[in-house]
Amino acid sequence: MAREKTQEALCDVRKAYRLIFAYQRRILDSIRLLTQEYEVLYGGPKFAGRPKFKRFEFDRWSWDYLPLYQAIFKFRINKEFELSIYINADNGFFLNDRGNHLDRTNLDRFEDAEDSNSYITLIIANEHFNHEQRVALNNRLITNKITDNKLSGEHFIAKRYDLEDLIDVQSIKAVRANFKSYCFSVDPNLKIFS
C-alpha cells in the first residue's frame, strides 16, 4: 500500500511541475506584454535567493529553486522613473507572518491556499526606490488595491491586480490601460505605456 501511495504522490508531483511550468510561462509572457516598450533593468526572486547552478549546494532551501514564487521585475520608464512589477503567487506566508518572522520552511505555518491570494502589483517610483516588496505585500498600504503614497519621503504609485485578471491578451491590455489611467489621474505629467 505504501508503494501505491508513493506512486500517486509522485504523479501529483509531475502534474505540479507541469502546472508550475505553464504558470511561469504565462507570468513571463504577461510581463513581456505589459512592458514591451521598456528596458529591463532587473528580474529575480524576492522570497528566496537566486538558484545556484554553477555549483550545486544541497544545503540551500527548496525555495531557491522556485524563483518565480515571488519575484520582482524592474523596467526603466524614463530618466526619473522605473516601473516595478511584483509577482506574488501565494501570500499565505505573509498573511500569517504578522512581523514575527515565521519559518518559511514550515508550510503548516502558511495560511491555507484556499484563503490566500495570488496577485501582481505594479509600482511606479523614482529610480532609487527600493521598497517594492514592502509595498506589494502590505495590505494596509494598498487599500482597495490602490495607493498613492509617500514612503520614507519617496513618492510612489502602486496598484494591485489579481492574477486571474491576466487570463489572456485582451485582459492584459485592459490591465495596462487601467494602470495607465490610474497613474494619469494621480499625476497627469507621468506618461507610461504607449
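Our structure is the block above this text.
The rules behind these values
Residues numbered from 1 in each chain as written. Predicted model: local features only at pLDDT ≥ 70, side-chain atom pairs only at ≥ 80, totals over all residues. Heavy atoms only, no water. Helix = DSSP H or I, 4+ residues; strand = E, 2+ residues; numbered from the N terminus. Expected span 1.5 Å × (residues − 1). Buried < 20%, exposed > 50% of the residue type's maximum accessible area, 1.4 Å probe, protein only. Arc of directions from axis to C-beta. Polar contact = N/O pair within 3.5 Å; in protein donor to acceptor, adjacent residues only side chain to side chain. Contact = heavy atoms within 4.5 Å. Salt bridge = Lys/Arg side-chain N within 4 Å of Asp/Glu carboxyl O.

**Structural notes on helix 4 (residues 169-186)**
Given 3.6 residues per helical turn, the α-helix brings residues three or four places apart onto the same face.
Consideration 1: If you check helix 4, its first and last C-alpha atoms are 26 Å apart, about what 18 residues at 1.5 Å a residue would give, namely 26 Å.
Consideration 2: All buried positions along helix 4 are accounted for by S171, I172, V175, R176, F179, Y182 and C183. Down the axis of helix 4, the sector holding all buried residues measures 150°, keeping them to one side. Within helix 4, the exposed residues directed more than 90 degrees away from the buried face are Q170 and S185.

**As for the side chain of S171**
Consideration 1: Secondary-structure assignment places S171 in helix 4.
Consideration 2: A polar atom in the side chain of S171 sits 2.9 Å from the backbone nitrogen of I167.
Consideration 3: Here S171 is in contact with D165 and L166, once residues within four sequence places are set aside.

**Describing the pattern of salt bridges**
Consideration 1: Applying the stated criterion to the full structure yields four salt bridges.
Consideration 2: Residue R176 pairs with E37 through a salt bridge whose shortest N-O separation is 3.1 Å. In this pair, R176 is assigned in helix 4 and E37 in the loop between helix 1 (2-34) and strand 1 (39-45), connecting sequence segments 139 residues apart.
Consideration 3: A residue is classified by how much of its surface remains accessible, and R176, at 9% relative accessible area, is buried.
Consideration 4: By relative accessible area, which is 30% here, E37 ends up partly exposed.
Consideration 5: Between R76 and E39 there is a salt bridge, and its shortest N-O distance comes to 3.8 Å.

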